[in-house]
Amino acid sequence: MFSDLDPILHSQLRLSIVSILMTVEETNFNFIKDATKAAAGNVSIQINKLQEAGYINVKKTFKNNYPNTAVSITEKGRNAFEEYVKNLQKYIHPK
Amino acid sequence: MCHINIFNTENMDEKNFTPEESLSIISKTIEETRKKIQDNGHIMILWGCLIFTVIFSQYMLELLGLHKKFDIVWTCILFPLGAIYTFFYTRRKTKKNNIPKTVLGITIEAMGWVFGLNVLVLATVFNNQIGNALAPVIMILLAMTIIVIGLSIKYKPLTIGGIILNLLAFGTFWVNPAYYGFNLMFGAIVGLIIPGILLNIAKKRGNV
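Residues numbered from 1 in each chain as written. Chains lettered and ligands numbered in written order. Predicted model: local features only at pLDDT ≥ 70, side-chain atom pairs only at ≥ 80, totals over all residues.

Novice: Can you explain the overall build of chain B? Please cite residues and give values.
Specialist: The number of helices and strands found in chain B is eight helices and zero strands. Secondary structure elements in chain B, listed N-terminal to C-terminal, are α-α-α-α-α-α-α-α. For chain B, restricting intrachain contacts to residue pairs at least 6 apart in sequence, the fraction spanning at least 24 positions comes to 64%. (Helix = DSSP H or I, 4+ residues; strand = E, 2+ residues; numbered from the N terminus. Contact = placed C-beta atoms within 7 Å.)

What follows is the structure in structure tokens.
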């Protein structure tokens, strides 16, 4: 139906995650989970898919002896998001 | 247009959704993230009260004839204490609320520190050169900081407070230097305390 829309981004949770990452420099897994109010497992799956596509960077470290998953958007992800928004506008306001 | 509640993402799946829904998700997510990372007016109120207290106490010390003995100590203690508190409060809040770094956040923080350091240098190193103009110059620097922050977070009371403070600073040049302090106190109320209180109220109501 929406053939020009990037299938990686055209998922509600993945789109929310990328939208958050477009707003911040870097954030962590818990912030994304709280902001989207999605289940941890679901967030984890979508983060993996975005990472496999090269749209986000994921760094797993330890902070005060607790595991910390830092997530940030890549240049490829930023470009894909901008392209996705452009294509959305084409659908909403076709010439 | 169908509105999707971005907070009900438990059952998010891969099914198709309309471009309008996509835009709705994007705009709501960005807006909610902006709200989450935005600071409250606590620090603004603190610095407004601090400026007011320091200036007011200086007038009181002068009235009591103790100005020469205590005013420097008073200023040198209260402002650094405020800076130390601001540093630790911001750091604790960022850690506790898991607030991510943003370009806007970094800019606002940098503006605050650059303002503070400039005032410190002007007041200590160039005090003799700048003379009576110190108070209005500080007010102009503060007004610039407040206006830029107000425009950045798109918060009108702060921007308006900054503009009033800026105008007040220019007006200060026409006032007898003995009364500069009153303008500074009024500026602290208009530019920091009132916008800070309004920001806190708006934050509680979820309007900012």
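From this point, the discussion proceeds with the structure in view.
Novice: Residues and numbers for the environment of Trp113 of chain B, please.
Specialist: Examined against the element boundaries, Trp113 of chain B turns out to sit in helix H4 (residues 103–124). The spacing of Trp113 of chain B and Ala83 of chain B is 30 residues in sequence and 8.8 Å in space, taken between C-alpha atoms.

Novice: Any chance you could break down helix H2 (residues 29–36) of chain A for me, citing the residues and the numbers?
Specialist: Turning to H2 of chain A, its buried residues are Phe31, Ile32, Ala35 and Thr36 of chain A. The buried residues of H2 of chain A occupy an angular sector of 115 degrees when projected down its axis, which confines them to one face. (Buried ≥ 20, exposed ≤ 12 C-beta atoms within 10 Å, placed from the backbone. Arc of directions from axis to C-beta.)

Novice: Tell me what's going on with the sheet that holds strand S2 (residues 56–63) of chain A, and back it up with residues and numbers.
Specialist: Residues and elements named next belong to chain A. Ordered in space as S1-S3-S2, the three strands form an open sheet in which the pairing is antiparallel. Strands at the two margins of the open sheet, each flanked by one partner only, are strand S1 (27–28) and S2. In the packing of helix H3 (residues 40–52) onto the sheet, the strands contacted are S2 and strand S3 (66–73), and the crossing angle to S2 comes to about 125 degrees. (Pairing = 2+ DSSP bridges. Axes fitted to C-alpha atoms, helices over the stretch in contact; angles between N-to-C directions.)

Novice: Could you give an account of the pairing of S3 of chain A, with specific residues and numbers?
Specialist: Residue and element names in this part refer to chain A. Taken together, the two bridges between S1 and S3 define a ladder with antiparallel strand orientation. Paired with Thr27 across the strands is Val71, a residue of S3. As judged from the eight bridges shared by S2 and S3, these two strands associate in the antiparallel manner. Opposite Lys59, over in S3, you have Ala70 as the bridge partner.

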